[in-house]
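Descriptive structure summary
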Amino acid sequence: MTTKIAKTVKSDLWLNSLIESLADSEYVAEYLTVILENDPEGDQILRATLQDIIQARKNYNSLPESAQEYYQKLEDILAKNGEKSIYLFLKLFILFNIKFF
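Predicted model only: the values in this text are computed from it and were never measured. Position labels on residues start from 1 in each chain and follow its written sequence. This being a predicted model, a pLDDT of at least 70 is required before a residue's local features are given, and a value of 80 or more before pairs of side-chain atoms are given or counted; all residues contribute to the totals for chains, interfaces and linings. Side-chain numbers come from the whole structure's heavy atoms, not from hydrogens or water.

1. A few points about the side chain of D52
- Secondary structure elements follow DSSP: runs of H or I of four or more residues count as helices, runs of E of two or more count as strands, with numbering from the N terminus. Relative to the helices and strands, D52 is located in helix α3 (residues 45–59).
- Throughout this description, buried means an accessible area under 20% of the type-specific maximum (1.4 Å probe, protein chains only), exposed means over 50%, and partly exposed covers the range between. Residues scored as charged are limited to Lys and Arg (positive) and Asp and Glu (negative), so that His and the chain ends carry no count. In what follows, salt bridge is the name for a side-chain nitrogen of Lys or Arg lying within 4 Å of a carboxyl oxygen of Asp or Glu. Look at D52: it is buried, it has no salt bridge, and the nearest opposite charge is K58 at 11 Å.
- Excluding residues within four positions of it along the chain, D52 makes contact with L18, I19 and L22. Contact criterion: two residues are considered in contact whenever any of their non-hydrogen atoms come within 4.5 Å of each other.

What follows is the structure, encoded as structure tokens:
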């Protein structure tokens, strides 16, 4: 039982640290770059990452209402079409030699 509690506390501390880091725009850009470069098939990681970023911005009162609205639209698209559509879009831009980050 003590091990389970220790793991939960460690997990909560890690998540809190991540959320705090995601309040920084430069960190977000680097974090998203790593996710997009290392997860070419999606597998829900992008959606979870975006959710963490939105939560961090909410926690620090730095989420404009318009950003919340666009996030919700994107989340709806990803829920219907999956993350692969975003990766196809990004791969097209990579082929055009356009870099986002």
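2. As for the side chain of R47
- By secondary structure assignment, the location of R47 is in helix α3.
- R47 gets classed as buried once you look at its relative accessible area, which sits at 18%.

3. Quick word on the pattern of salt bridges
- Scanning the model with the defined rule gives one salt bridge in all.
- In this structure, R47 engages E75 in a salt bridge whose closest nitrogen and oxygen atoms are separated by 2.3 Å. Here R47, found in helix α3, pairs with E75, found in helix α4 (residues 65–81); they are 28 residues apart in sequence, far enough to count as distant.

4. Observations regarding the packing of aromatic side chains
- In summary, the pairing rule links any two rings of Phe, Tyr or Trp, Trp by its six-membered ring, whose centres are within 6.5 Å, and it sorts them by plane angle into stacked for under 30 degrees, edge-to-face for over 60 and tilted for everything else. Applying the stated rule across the entire model yields one aromatic pair.
- With a centroid separation of 5.8 Å and an interplanar angle of 20°, the aromatic rings of Y27 and Y31 are classed as stacked. Separated by four residues within a single helix, Y27 and Y31 lie in helix α2 (residues 25–38), roughly one turn from each other.
- Our definition puts a charge over a ring when NZ of Lys or CZ of Arg is within 6 Å of the ring centre and also within 35 degrees of the ring normal. One Lys or Arg, K73, reaches over the ring of Y70 and ends 5.4 Å from the middle of that ring.

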